[in-house]
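Below are the chains, spelled out letter by letter.
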Amino acid sequence: MTIESILPRPDIFEAKRVLCIQPHYDDNDIAAAGTLALLQQNGAELFYLTATDDLMGIVDHSLSDEEAAEVLKRDQFAAAKIIGVKEQFWLGYPDAGQYDYFDVRRDFLRYIRMLKPDFVFTADPWLTYEAHRDHIQTGLAAAEAVMLAGVTKIPSGDPAIDAEYAGHDIKGIAFYYTREPNQIVDISSTWETKIAAVRCYTAQFDPRGMDQLVFALDAKTRQVAAGESFPRGEPLKVLHTSALHCGF
Ligand SMILES: [Zn+2]
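What you are looking at is a predicted structure, and each value in this text was computed from that prediction instead of being measured.

**Q** How should the coordination of the zinc ion be read in this particular structure?
**A** Donor atoms from the polypeptide that bind the zinc ion are His24 (ND1), Asp27 (OD), Asp27 (OD) and His135 (NE2), placed at 2.1 to 2.6 Å. As a motif over one chain, the donors of the zinc ion read H-x2-D-x107-H. Taken together, the residues His24 in the loop between β1 (17-22) and α1 (27-41) and His135 in helix α4 (residues 133-148) connect sequence positions 111 residues apart. The same class applies to His24 as to His135, namely buried.

Structure (structure tokens):
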């Protein structure tokens, strides 16, 4: 049994400024590009914030870290052009490495106070059987930063931003990579756009790996749309910001 929040589910299609906080450079698009492309077409501005440097998954091991960082950004900009991402930011924490949770949360607070998004998208940190710590830490730090954005006694690392920040309305948070969705978004019209964006991520997928990923996404988007009136969907857990504490 799942006890749903008593708070109404915010309407993601009312979003005007969406901050998409991802563990790795391709997660927003693999998980939610169909939905994000719809929001962009609907007039929302998209901002991507990437927590880690992604250097562990590079296919071409002959590249130096500097060269790898360049091809990773090349992929991201190519995909961003397809989805219509307005601006991207990177934090550069070590991919699959050791870093401090509170540093990540501090940095997320800074971007939330600076960009003032009305919706935040991120990975569901409570996804059962998720083994990648980057995903769990990023999702939890993003959710906590959304909940604590207005508590400016918690520093963001930039005193000027904290002094200026007077609070703003974050309508909701949408968790992707979730097993407990409360919304299946019809992405039938943006499926091709999503796959075109995903296919840009060649630094971390060789051609065979990419074909396997697209095959898996094809199956997954159909699976989650089973019983719906459309053929392909992306699952989201969309919560009111006040639902992020004590189960309301
Ligand atoms: Zn990832």
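**Q** Would you explain unusual backbone geometry in this entry?
**A** What is expected of a backbone is that most residues other than glycine have negative phi and most peptide bonds are trans. In this model, Ala96 sits at a positive phi of 55 degrees, which is unusual for a non-glycine residue. By the element assignment, Ala96 lies in the loop between β3 (87-93) and α3 (101-115). For Ala96, a relative accessible area of 53% corresponds to the exposed category. The phi dihedral of Tyr177 is positive, around 50 degrees, even though this residue is not glycine. Here Tyr177 shows up in the loop between β5 (172-176) and β6 (183-186).

**Q** I keep staring at the nonpolar core and nothing clicks. Help me out?
**A** A general tendency of soluble globular proteins is for nonpolar side chains to be buried together. Within the largest apolar cluster, 45 residues are counted, with the highest numbers of intra-cluster contacts made by Ile12, Val18, Leu36, Ile83, Phe121 and Leu236. Considering each element in turn, this core owes the most residues, eight residues, to α1. With residues up to four places along the chain from it excluded, the contact list for Ile12 reads Thr35, Leu39, Phe119, Phe121, Gln183, Val185, Leu236 and Val238. The next biggest cluster of nonpolar side chains, apart from the first, holds 31 residues, and it includes Leu49, Tyr93, Val146 and Phe175.

**Q** Mind showing me how you'd approach the packing of aromatic side chains here?
**A** Any two aromatic rings considered together are summarised by their centre-to-centre distance and by the angle between their planes. Evaluation of the coordinates by the stated rule reveals seven aromatic pairs. Measuring from centroid to centroid gives 5.8 Å for Phe77 and Trp90, while their planes differ by 70 degrees, and the two rings are edge-to-face. Of this pair, Phe77 sits in helix α2 (residues 65-83) while Trp90 is found in strand β3, placing the two residues 13 residues apart along the sequence. Among the residues examined, Trp90 registers a relative accessible area of 28% and is labelled partly exposed.

**Q** How do you make sense of the side chain of Gln88 when you look at a structure like this?
**A** Inspection of the secondary structure assignment puts Gln88 in strand β3. A residue is classified by how much of its surface remains accessible, and Gln88, at 10% relative accessible area, is buried. Polar side-chain contacts of Gln88 include one of 3.3 Å to the backbone oxygen of Gln76.

**Q** Explain the pattern of salt bridges here, please?
**A** Any two side chains of opposite charge can pair, so long as their charged atoms come close to each other. Scanning all chains against the criterion turns up 13 salt bridges. A salt bridge links Arg106 to Asp103; its shortest N-O distance comes to 3.4 Å. In this pair, Arg106 and Asp103 are both assigned in helix α3, three residues apart and thus about one turn of the helix distant. Under the relative-accessibility criterion, Arg106 is labelled partly exposed at 29%. The shortest N-O distance in the salt bridge between Glu234 and Lys194 comes to 2.6 Å. Taken together, the residues span a long stretch of sequence, with Glu234 in strand β7 (residues 233-240) and Lys194 in helix α6 (residues 191-198) at a distance of 40 residues. For Lys194, a relative accessible area of 1% corresponds to the buried category. One continuous salt-bridge network, built from bridges that share partners, spans Asp103, Arg106, Asp107 and Arg110.

Reading the values: the criteria
Counting starts from 1 at the beginning of each chain's written sequence and moves along it residue by residue. For this predicted model, a pLDDT threshold of at least 70 governs which residues receive local features, and a threshold of 80 or more governs which side-chain atom pairs are given and counted, while totals over whole chains, interfaces and linings are taken from all residues. Side-chain numbers here rest on the full set of heavy atoms in the structure, without hydrogens or water. Nitrogen, oxygen and sulfur within 2.8 Å of a metal are treated as its donors, or within 3.2 Å for sodium, potassium and calcium (Na, K, Ca); water is not counted, so a site can appear incomplete. Where helices and strands are cited, they refer to DSSP runs of H or I of at least four residues and of E of at least two residues respectively, numbered from the N terminus. Residue exposure (1.4 Å probe, protein chains only): buried if accessible area is under 20% of the type maximum, exposed if over 50%, otherwise partly exposed. Put simply, buried Ala, Val, Leu, Ile, Met, Phe, Trp, Tyr and Cys residues joined by side-chain atoms within 4.5 Å make one nonpolar core. In this description, contact between two residues means that some pair of their heavy atoms is separated by no more than 4.5 Å. The criterion for an aromatic pair is that two Phe, Tyr or Trp rings (for Trp, the six-membered ring) have centres within 6.5 Å, with stacked assigned to planes under 30 degrees apart, edge-to-face to planes over 60 apart and tilted to the rest. Polar contact criterion, stated in full: a pair of N or O atoms within 3.5 Å, where within protein one must be able to donate a hydrogen and the other to accept it, and residues adjacent in sequence count only if both atoms are side-chain atoms. Throughout this description, the term salt bridge denotes a Lys or Arg side-chain nitrogen within 4 Å of a carboxyl oxygen of Asp or Glu.

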